[in-house]
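Okay, here's what each chain looks like letter by letter:
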Number of protein chains: 2
Amino acid sequence: MTAYKDLSREELLELKSGLEARYEEVKAKGLKLDMSRGKPSVEQLNLSMGMMDVLHSGVDLTCADGVDCRNYGGLDGIAEAKQLLADMMEVPRDNVIIFGNSSLNVMYDTVARAMTHGVLGSTPWCKLDKVKFLCPVPGYDRHFLITEHFGIEMINIPMTPTGPDMDLVEKYVNEDPAVKGIWCVPKYSNPQGITYSDETVYRFANLNPAAEDFRIYWDNAYCVHHLYEDKQDYLIEILSECKKAGRQDMVYKFSSTSKISFPGSGIAALAASEANLNEIRSMMTIQTIGHDKVNQLRHVRFFGDVHGIVQHMKKHADIMRPKFEAVIDVLERELGGLEIGSWIKPLGGYFISFDSMEGCAKEIVAKAKEAGLVMTGAGATYPYGKDPHDSNIRIAPSYPTPEELSVAADIFVLSVKLVSIDKLLSQM
Amino acid sequence: MTAYKDLSREELLELKSGLEARYEEVKAKGLKLDMSRGKPSVEQLNLSMGMMDVLHSGVDLTCADGVDCRNYGGLDGIAEAKQLLADMMEVPRDNVIIFGNSSLNVMYDTVARAMTHGVLGSTPWCKLDKVKFLCPVPGYDRHFLITEHFGIEMINIPMTPTGPDMDLVEKYVNEDPAVKGIWCVPKYSNPQGITYSDETVYRFANLNPAAEDFRIYWDNAYCVHHLYEDKQDYLIEILSECKKAGRQDMVYKFSSTSKISFPGSGIAALAASEANLNEIRSMMTIQTIGHDKVNQLRHVRFFGDVHGIVQHMKKHADIMRPKFEAVIDVLERELGGLEIGSWIKPLGGYFISFDSMEGCAKEIVAKAKEAGLVMTGAGATYPYGKDPHDSNIRIAPSYPTPEELSVAADIFVLSVKLVSIDKLLSQM
């Protein structure tokens, strides 16, 4: 393959003409494809239908410690659900609180509490002139929306193949008392699928924050979401590393079963130090009498223990793997060597991250949309929706069928090629 | 019966000696009884066990508009759950948002949002020097804990047999721009079981608040929680009254199925004007991808429609009615004519409110506890836990069995008598 940049104007124009014909053909089909969100497919949802059978009117809904799951009470979760999620999150059971169906909600509430009440005695953030968060980019749009919602200034931190640029993270965190947090998806990151290296985690655990209320918002959303049995990333457990470093209060870990059981009806958890959890419980007790314990019990009865989750995730992997490979195959076959884009082949998670030539992402997404393919909005992977290079595009291959995916990937590469050619032509 | 106040010192002492003997007898039994919280009994929970059977792996979990309830999405609830709760709350379906398992959580979040973001464009409350809420007393402790948690100043408004003292409410709301809200349990109020009269509701709907962001926090927790079929209170629907008065944005209505299906696993709802709901949705979309739609579907499939709820509530009433009557009977039999306490016999809800002689409530609750009966802490029905008369005690008869209840009621009246006699003796 010849790189597009090495082609002459005439060669590019000829190429464009052929691609445009194909694009018009596809567009004429009036397709409706969606690669915009990390949404499990129907086939994946069906894996958990057994969860609908474990509780019925013939089953006692009392949990291990004698609490009737149907009634009020149980503020921070039933013991067996704590054990299940603690094992998944690789922390002791006492370091876990179980919440409702959404870890996003837990993260939102964690920031909201800091806004109105501070963190372990610090000044409430709403009383401060300036609060800042570090945002590894590209990252998860919904994280950035939370901090934007609360008027928190977001600072881009470039991702590297081993995690966020830790020189920058250390500089900001250790020197600026206005920096109160950093959003992390440490394993199979959204959208790049990068897992933080051991060194990165050690450096996180050994931060020396200028702000006493600085916290690492460690969203381990994809902790058991591998694509392969024989090739898996491994992430060091940060809470115990923080403890070793004498900084056990510095991290909040978030996780959920949203992409394990049912996205709308899973259970979420937060893991943290005893001091952090005690503070959270003291505020939770004002907010609620307790989350849905019947659903917690349902999850425990269905999965049994963390090994049940691991086995279950292999079934998810069997469905997800061919989809990821289908997209990667098309990218490699159609874009390999053209030097108009790069991507990372992940070993887990829900996304493939694509970087186009600078200044092309918005147009590529628009072009794909015109032909019936909805992608995550370009820029969404950056705070304020502003990708300074206009180059990152998140590809979410989970929801479409494999057949739809190959058509979708074709539309995508066609769009990449057409927009890139126009870009190159405009620069000649 | 002779009123205790008309007895001589000697008569009181003789009475006391007999009562003390009986008290020691009861105490020696080492009982453990609990009339502290409005918690449904096991028998009531069993009424909803059928809800565990309506969804299973053989059932399609797609809702009426084609949304797969298992997956992400559906921010403000599935259409059929909105219809069910809208009918129960007597508002149009478009005026309802469905939330998770806790209306308390919805109320907390509503205040939390106002703290950090204001209400429909007003200044965020956390930026104001002073925010005040009116609190009809006696009232619901968890309401007061929310406003206390956010540092909101609470002002006691005495309850009357027709609802809060509306002269006072109008004065505060219409004249003081720092007054941003009022907590109401308008039907079968907690703890008195009072239902606001038509005139009270009209006066609420025709308030002319000094603060543009004043809202009525209308917690209709007991809307269908009657004790009798032939004797029921009727409450005027406030959202439509507010609309008629040109003040449709002035009220947030809260409700849930917590005391209809399962307290820990129900569904909660908020009803309000379109402008209010749009603002709430715009913030919810930052907070969550959506609440548990499978549980919403479960409720719809189990109850069918609001008539299903009404029929279901008759079964609850059959269990609750004898318990209320057992307590009322003991109160009437043992305390009638003694002039050491008064109570209201409610037609619904979860509580009986008892007013002791001034300055006796704390001691009565302590006395009952000593004999093995846990009551709601005296003072809990007032903001900051401070009952200025130290006289209100909330009786929650729902959880104990009828047998336990009659013993519990006996301990209670014994405690009332003993503490009252001591009070009278000390005043001689």
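Located above this text is the structure these notes cover.
The rules we used
Along every chain, residues carry numbers that run from 1 in the direction the sequence is written. Lettering of chains starts at A and numbering of ligands starts at 1, both following the order in which they are written. Where totals are concerned, whole chains, interfaces and linings use all residues; where local detail is concerned, this predicted model gives features only for residues with pLDDT of at least 70, and gives and counts side-chain atom pairs only at 80 or more. Side-chain metrics in this entry use all non-hydrogen atoms of the structure; hydrogen atoms and water are not considered. Two strands make a pair as long as DSSP finds a minimum of two bridges between them. Segments assigned H or I by DSSP are reported as helices when at least four residues long, segments assigned E as strands when at least two residues long, and all are numbered from the N terminus. Structural elements are reduced to axes, namely lines fitted to C-alpha atoms, with helices fitted over the stretch in contact, and the angle between N-to-C directions of any two is expressed from 0 to 180 degrees. Exposed residues in this analysis have more than 50% of their type's maximum accessible area, buried residues have under 20%, and partly exposed residues fall in between, with area computed by a 1.4 Å probe over protein chains only. As used in this structure description, the phrase polar contact means that two N or O atoms lie within 3.5 Å; if the pair is within protein, one of them must be able to donate a hydrogen and the other to accept it, and residues adjacent in sequence are counted only when both atoms belong to side chains. Least squares is the method for superposing the copies, and the C-alpha atoms it fits come from residues with pLDDT of at least 70 in both. Contacts between residues were defined by any pair of non-hydrogen atoms, one from each residue, lying within 4.5 Å. Here the quantity called buried area is the accessible surface, traced with a 1.4 Å probe, that two parts lose on coming together, added over both. Within this document, salt bridges are pairs made up of a side-chain nitrogen of Lys or Arg and a carboxyl oxygen of Asp or Glu, the two lying within 4 Å of each other. Under the scheme applied here, ten amino acids are nonpolar (Ala, Val, Leu, Ile, Met, Phe, Trp, Tyr, Cys and Pro), four are charged (Asp, Glu, Lys and Arg), and all others, including Gly, are polar. Think of it as the arc spanned by the lines of direction from the helix axis to the C-beta atoms. Nine residue types can take part in a nonpolar core, namely buried Ala, Val, Leu, Ile, Met, Phe, Trp, Tyr and Cys, and a core is a set of them joined through side-chain atoms within 4.5 Å. Orientation categories follow fixed angle ranges, with anything under 35 degrees roughly parallel, anything over 145 roughly antiparallel, 65 to 115 roughly perpendicular, and all other angles oblique. Helix crossings fall into two classes, left-handed where the near helix is turned counterclockwise from the far one by less than a right angle and right-handed where it is turned clockwise. Classification of ring pairs rests on two measures: the distance between centres of Phe, Tyr or Trp rings, Trp counted by its six-membered ring, which must be within 6.5 Å, and the angle between planes, read as stacked under 30 degrees, edge-to-face over 60 and tilted in between. When the NZ atom of lysine or the CZ atom of arginine is within 6 Å of a ring's centre and also within 35 degrees of its normal, the charge is said to sit over that ring.

1. Focus on the sheet that holds strand 11 (residues 352–356) of chain B
All names here are of chain B.
Here is step 1 of the chain: Spatial ordering of the open sheet is given by 10-11-13, a layout of three strands whose pairing is antiparallel. Each end of this open sheet is capped by a strand with a single partner; those strands are strand 10 (341–343) and strand 13 (392–395). Here the strands of the sheet are splayed against their neighbours by 25 degrees on average, with no regard to which way each runs.
Here is step 2 of the chain: As judged from the three bridges shared by strand 10 and strand 11, these two strands associate in the antiparallel manner. Bridge pairing in strand 11 links W343 to F354.

2. A few points about the environment of D318 of chain B
Residue and element names in this part refer to chain B.
Here is step 1 of the chain: Its place among the elements puts D318 in helix 11 (residues 306–335).
Here is step 2 of the chain: Take D318: its relative accessible area is 45%, and that puts it in the partly exposed class.
Here is step 3 of the chain: Spatially, the C-alpha atom of D318 lies 8.4 Å from that of Y228, the residues being 90 residues apart in sequence.
Here is step 4 of the chain: A polar contact is formed between the side chain of D318 and the side chain of R321, at a distance of 2.7 Å.

3. Thoughts on the relation of the copies chain A and chain B
Here is step 1 of the chain: At an RMSD of 0.0 Å, chain A and chain B line up after a rotation of 180 degrees and a shift of 0.0 Å along the axis. Each copy turns onto its partner about a two-fold axis.
Here is step 2 of the chain: When the interface residues of chain A are mapped onto chain B, 100% of them again fall at the interface, so both copies present the same face.

4. Here we look at the sheet that holds strand 8 (residues 251–256) of chain B
All names here are of chain B.
Here is step 1 of the chain: Taken together, the eight strands give an open sheet; going across it, the order is 2-9-8-7-6-3-4-5, and neighbouring strands pair in mixed fashion. At either margin of the open sheet sits one strand with a lone partner, and together these are strand 2 (96–98) and strand 5 (163–164).
Here is step 2 of the chain: The pairing of strand 2 with strand 9 (residues 268–271) spans three bridges and is classified as antiparallel. Its bridge partner lying in strand 9, I98 is registered against A269.
Here is step 3 of the chain: In the packing of helix 4 (residues 103–117) onto the sheet, the strands contacted are strand 6 (179–184), strand 7 (215–219), strand 8 and strand 9, and the crossing angle to strand 8 comes to about 155 degrees.

5. Description of the interface of chain A and chain B
Here is step 1 of the chain: Contacts between chain A and chain B engage 57 residues on the former and 57 residues on the latter.
Here is step 2 of the chain: Summed over both partners, the interface of chain A with chain B comes to about 4,700 Å²; 54% of that surface belongs to carbon and sulfur atoms.
Here is step 3 of the chain: On the chain A side of the contact with chain B, R70, Y72 and I286 of chain A bury the most area, a combined 17% of that side's loss.
Here is step 4 of the chain: At the boundary of chain A with chain B, the tally comes to zero salt bridges.
Here is step 5 of the chain: Taken together, the connections running from chain A to chain B amount to 22 residue pairs in polar contact (both at pLDDT 80 or more).
Here is step 6 of the chain: At the level of secondary structure, the elements contributing two or more residues to the side of chain A that touches chain B comprise helix 2 (42–46), helix 4 (103–117), helix 5 (141–149), helix 9 (274–287) and helix 10 (293–303) of chain A.
Here is step 7 of the chain: Tallying contributions element by element places helix 4 of chain A first for the side of chain A that touches chain B, with eight residues.
Here is step 8 of the chain: The residue makeup of the side of chain A that touches chain B, split by class, is 25 nonpolar, 20 polar and 12 charged.

6. A short note on helix 7 (residues 198–205) of chain A
Owing to its 3.6 residues per turn, the α-helix aligns residues three or four sequence positions apart on the same side.
All names here are of chain A.
Here is step 1 of the chain: All of the buried residues in helix 7 are T200, V201, F204 and A205. Angular distribution of buried residues about the axis of helix 7 spans 135 degrees; they occupy a single face of the element.
Here is step 2 of the chain: Taken together, the buried residues of helix 7 touch strand 5 (163–164), helix 6 (166–175), strand 6 (179–184), strand 7 (215–219) and helix 8 (238–244).

7. Things to note about the nonpolar core
Here is step 1 of the chain: By size, the foremost hydrophobic cluster in this structure holds 71 residues, and its most contacted members are W125 of chain A together with W125 of chain B.
Here is step 2 of the chain: Apart from the residues lying within four places of it in its own chain, the contact partners of W125 of chain B are V111, A114, M115, V119, V131, F133, I152, K180, D213 and Y217 of chain B.

8. Some points on the pattern of salt bridges
For side chains bearing opposite charge, pairing can occur when the charged atoms are close.
Here is step 1 of the chain: As enumerated under the stated definition, the model contains 45 salt bridges over all chains in all.
Here is step 2 of the chain: Residues R203 of chain A and E170 of chain A are paired through a salt bridge, measuring 2.7 Å at the closest nitrogen-oxygen approach. Highlighted residues: R203 of chain A in helix 7 and E170 of chain A in helix 6, separated in sequence by 33 residues.
Here is step 3 of the chain: Salt-bridge contacts for E175 of chain B lead to K171 of chain B; the nearest nitrogen and oxygen are separated by 3.8 Å. A residue pair is termed a helical-turn pair when its members lie 3 or 4 positions apart in one helix, as E175 of chain B and K171 of chain B do in helix 6 (residues 166–175) at four residues.
Here is step 4 of the chain: The exposure class of E175 of chain B is exposed, given its relative accessible area of 57%.

9. A closer look at the packing of helix 12 (residues 361–370) of chain A against helix 13 (residues 402–426) of chain A
Residues and elements named next belong to chain A.
Here is step 1 of the chain: Closest axis-to-axis distance for the helix 12/helix 13 pair is 9 Å, and the angle between their directions is 130 degrees. With respect to their mutual orientation, helix 12 and helix 13 come out oblique. The handedness of the crossing between helix 12 and helix 13 comes out as right-handed. In contact with E363, I364, K367 and A368 of helix 12, helix 13 contributes I411, F412, S415, V416, L418 and V419.
Here is step 2 of the chain: The residue makeup of the contact of helix 12 with helix 13, split by class, is seven nonpolar, one polar and two charged.

10. Topic: the pairing of strand 13 of chain B
All names here are of chain B.
Here is step 1 of the chain: Here strand 13 shows a buried face lined by N392 and R394 and a second buried face lined by I393 and I395.
Here is step 2 of the chain: The pairing of strand 11 with strand 13 spans four bridges and is classified as antiparallel. In the sheet register, I352 faces strand 13, and the bridge partner there is I395.

11. Examining unusual backbone geometry
Here is step 1 of the chain: A cis geometry characterises the amide bond from N190 of chain A onward to P191 of chain A, with omega recorded as 10 degrees.
Here is step 2 of the chain: Mapped onto the secondary structure, P191 of chain A falls in the loop between strand 6 and helix 7.
Here is step 3 of the chain: Residue P138 of chain B is bonded to the preceding V137 of chain B through a cis peptide linkage, with omega at -5 degrees.
Here is step 4 of the chain: Residue position: P138 of chain B is located in the loop between strand 3 (132–137) and helix 5 (141–149).
Here is step 5 of the chain: You will see that Y188 of chain B, though not glycine, has its phi angle at about 45 degrees, which is positive.
Here is step 6 of the chain: Residue placement: Y188 of chain B occurs in the loop between strand 6 and helix 7 (198–205).
Here is step 7 of the chain: By relative accessible area, which is 0% here, Y188 of chain B ends up buried.

12. Considerations on the packing of helix 3 (residues 79–89) of chain A against helix 10 of chain A
Residue and element names in this part refer to chain A.
Here is step 1 of the chain: Taken N-terminus to C-terminus, the directions of helix 3 and helix 10 make an angle of 60 degrees; their axes are 9 Å apart at the nearest point. If you check the angle between helix 3 and helix 10, you find them oblique. Here the hand of the crossing between helix 3 and helix 10 comes out left-handed. For the pair helix 3 and helix 10, contact is made by E80, A81 and L84 and by Q296, L297, H299, V300 and F303, respectively.
Here is step 2 of the chain: Tallied by class, residues from the contact of helix 3 with helix 10 come to five nonpolar, two polar and one charged.

13. A few points about the environment of G336 of chain A
Residue and element names in this part refer to chain A.
Here is step 1 of the chain: With respect to the helices, strands and loops of the structure, G336 is situated in the loop between helix 11 (306–335) and strand 10 (341–343).
Here is step 2 of the chain: When its relative accessible area of 23% is taken as the criterion, G336 is described as partly exposed.
Here is step 3 of the chain: In this structure, the C-alpha to C-alpha distance between G336 and T2, residues 334 residues apart in sequence, is 9.5 Å.
Here is step 4 of the chain: Setting aside its immediate chain neighbours within four residues, G336 contacts M1, L331 and W343.

14. Examining the packing of aromatic side chains
Here is step 1 of the chain: For the structure shown, the criterion picks out 30 aromatic pairs over all chains.
Here is step 2 of the chain: Aromatic pair F302 of chain A and F303 of chain A: ring centres 5.0 Å apart, planes at 65 degrees, arrangement edge-to-face.
Here is step 3 of the chain: You can call F302 of chain A partly exposed: its relative accessible area is 23%.
Here is step 4 of the chain: Geometrically, the ring pair formed by F133 of chain B and W183 of chain B is tilted, given 5.5 Å between the ring centres and 50 degrees between the ring planes. Taken together, the residues span a long stretch of sequence, with F133 of chain B in strand 3 and W183 of chain B in strand 6 at a distance of 50 residues. W183 of chain B matches F133 of chain B in its accessibility class, with the two residues each being buried.
Here is step 5 of the chain: In textbook terms, an aromatic cluster arises when at least three aromatic residues are bridged by ring pairs, as seen for W125, F133, W183, Y217, Y252 and F254 of chain A.
Here is step 6 of the chain: Directly above the aromatic system of Y350 of chain A lies the positively charged group of K259 of chain A, at a separation of 5.2 Å from the ring centroid.
Here is step 7 of the chain: If you follow K367 of chain A out to its NZ or CZ, it ends over the ring of Y23 of chain A, 5.0 Å from the centre.

Remember that the coordinates give geometry; whether it matters functionally is a separate question.
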